[in-house]
Amino acid sequence: MTEPEKTIRRRHEQTAARPSGQGAGRGFAFHYDENNQEFVLAGVMTPQDTAALAPMSEAFGAAAARLRGTMFLNVKKLLRVNVCGFRELSRLISIACENNPELAIRIITTSVIAWSSRRFERLKSVAPRVEVEQYDDAFYPGQGVLEDTSFVPILRTQTKMTWRHERDILPRHGLKPKMRIADICCGIGDFAALVARTFDPAEVVAVDHAQGSLAYARKVAAELGVRRVEYVHGDAASLLLEDDRFDFVTCRHSLQVFDRPELILKELFRICRPGGRVYISNEKNSHCLGEPRADSIQWSYTEVARLWEHFGMDIELGPKSRRLMMDTGLEDIRMESFMVTNLDGDPQDFADVVAAWESVYVDRMAVERGDSEEFIARFRKGFHDHISAALHPKGYAGWPIWVASGQKPL
Ligand SMILES: C[S@@+](CC[C@H](N)C(=O)[O-])C[C@H]1O[C@@H](n2cnc3c(N)ncnc32)[C@H](O)[C@@H]1O
């Protein structure tokens, strides 16, 4: 927010009461980032007349007049704009293109704000070389795999095995009744629902970018009669939730799927209140184990790590959590690991988790990578051996998980 960073940033205090969990109470803000040739609009832009937008219009005009090539108009966090505001944007773009015939303008929208892309598409007719790009159509490498509903059975069976551990672990990381909780990258929403049921929170907001998972989450929550969770569409690396809002912010098994986990952690930190805690869990899949046939099992899970890496994901992230949290500025880091095993309950539940992994990792991801038949057969065998170990009367099967939490400084 400083001049030396070549950033002009001003804030208008237009009041904006929004009932939804996202972006409540936002004003309107803009800034120009000269390094990236990016003009950013955020919040609620609902002026009564264009005079109220004069500082923004002036900054936009000045920026557009002096730059070459493409100007990026980032409206990823523009929650609302009225007719007057939209007309002013249209006028500014038209003048900028007229005065600077070399200029191209690329408007960056998001699917998270339902009206945004459709409305901004209209500005393409204002001048030549105006383009609209919805940034979150393909914004991380593993998105295609994760947003496919084939992941739903994995998430369902996993929680069945992990919750009995997490229920006891969460209070050690500071979770108490009456807290305001955010579960970011909530998947099918079962963790948020279980937290809501067990820990009597004041509020739970659960965010994910996969529309299929969110639809599933809302359906399951309604069936279970869980009312206190608000499931919201969003990008964890660019949340529409305000700063310092939550007492406890969770992100389960998800930093490991995003190619830039530090961006998500930064957002978890931002929405956590000072003194509140950020809680994450992640895996190190190559440490999955089983007896008998330990070697075959270990080979396949080492290959799982390589396969995930191919799709831009890091399923070995668990033990890196402490460093990531410290680098984000969190303090009082608490970290522990737990082993989900076939002895935790019904061994068939463990076998079901492994079968769900097999179906996505072997049948979907390895096939998509173009692996040979020989590789696929050996890869599959490790999962079958893990299932056999889980169901064997004298067998043992394990899946290790790392949990870490840190406090946002007061
Ligand atoms: C492995 S799943 C874990 C889901 C859930 N937390 C659980 O433990 O069952 C990872 C989730 O992260 C979501 N995700 C990944 N990157 C995201 C992003 N940038 N914004 C929002 N959700 C994201 C995916 O859609 C997916 O639901």
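Asks: Go over the overall build of the protein chain with me, naming the residues and quoting the values.
Replies: Looking only at helices and strands, one finds 12 helices and 14 strands in the protein chain. In summary, the protein chain has a C-alpha radius of gyration of 24 Å against a globular reference of 22 Å for 410 residues, a match within 12%. Looking at the protein chain as a whole, 55% of its 410 residues qualify as buried. If you take every contact in the protein chain between residues at least 6 apart in sequence, the share linking residues at least 24 apart comes to 78%. Total accessible area computed for the protein chain in this model is approximately 17,800 Å², and 50% of it derives from carbon and sulfur atoms. Taking the 53 positively charged and 57 negatively charged side chains of the protein chain as two groups, their mean positions are separated by 4 Å.

Asks: Give a description of the site of the ligand that names residues and reports values.
Replies: Around the ligand, 18 residues are found, and the nearest of them are Cys185, Asp208, Asp235, Ala236 and Arg252. For the ligand, a nitrogen atom lies 2.7 Å from a polar atom in the backbone of alanine 236. Serine 254 is positioned such that a nitrogen or oxygen atom in its side chain is 3.5 Å from an oxygen atom of the ligand. If the ligand stood free it would expose 590 Å²; the protein chains cover 99% of that surface.

Asks: Can you lay out helix α9 (residues 294–310) for me, pointing to particular residues and giving the numbers?
Replies: Taking 1.5 Å as the rise per residue, α9 with 17 residues should run 24 Å; its terminal C-alpha atoms sit 25 Å apart, in good agreement. In this fold, the buried residues of α9 make contact with β12 (289–291), α11 (347–369) and α12 (373–391).

Asks: So what's going on with the domain arrangement of the protein chain? Which residues, and what values?
Replies: The domain boundaries assigned to the protein chain delineate domain 1 (3–137) and domain 2 (143–407). A straight line from the C-alpha centre of domain 1 to that of domain 2 covers 36 Å. Domain 1 puts 15 residues into the contact, and the matching count from domain 2 is 15 residues. Where domain 1 touches domain 2, the interface holds 1 salt bridge. Between lysine 77 and glutamate 267 there is a salt bridge whose closest N-O contact spans 3.9 Å. Applying the counting criterion to the domain 1 and domain 2 interface returns 4 residue pairs in polar contact (both at pLDDT 80 or more).

Asks: Outline the side chain of serine 213, supporting the account with residue identities and numerical values.
Replies: Structurally, serine 213 can be placed in helix α7 (residues 211–224). Of the residues examined, serine 213 reaches a relative accessible area of 7% and is grouped as buried. Residues contacting serine 213, with those up to four places away along its chain left out, are Gly187 and Ile188.

Quick notes on the rules
- Residues numbered from 1 in each chain as written.
- Predicted model: local features only at pLDDT ≥ 70, side-chain atom pairs only at ≥ 80, totals over all residues.
- Heavy atoms only, no water.
- Helix = DSSP H or I, 4+ residues; strand = E, 2+ residues; numbered from the N terminus.
- Rg over C-alpha atoms; globule rule 2.2 N^0.38 Å.
- Buried < 20%, exposed > 50% of the residue type's maximum accessible area, 1.4 Å probe, protein only.
- Contact = heavy atoms within 4.5 Å.
- Areas by Shrake-Rupley, 256 points an atom, 1.4 Å probe, with all protein chains shown as cover.
- Lys, Arg positive; Asp, Glu negative; His and termini not counted.
- Charge placed at Lys NZ, Arg CZ, Asp CG, Glu CD.
- Near = heavy atom within 4 Å.
- Polar contact = N/O pair within 3.5 Å; in protein donor to acceptor, adjacent residues only side chain to side chain.
- Expected span 1.5 Å × (residues − 1).
- Domains from an automatic or database assignment.
- Salt bridge = Lys/Arg side-chain N within 4 Å of Asp/Glu carboxyl O.

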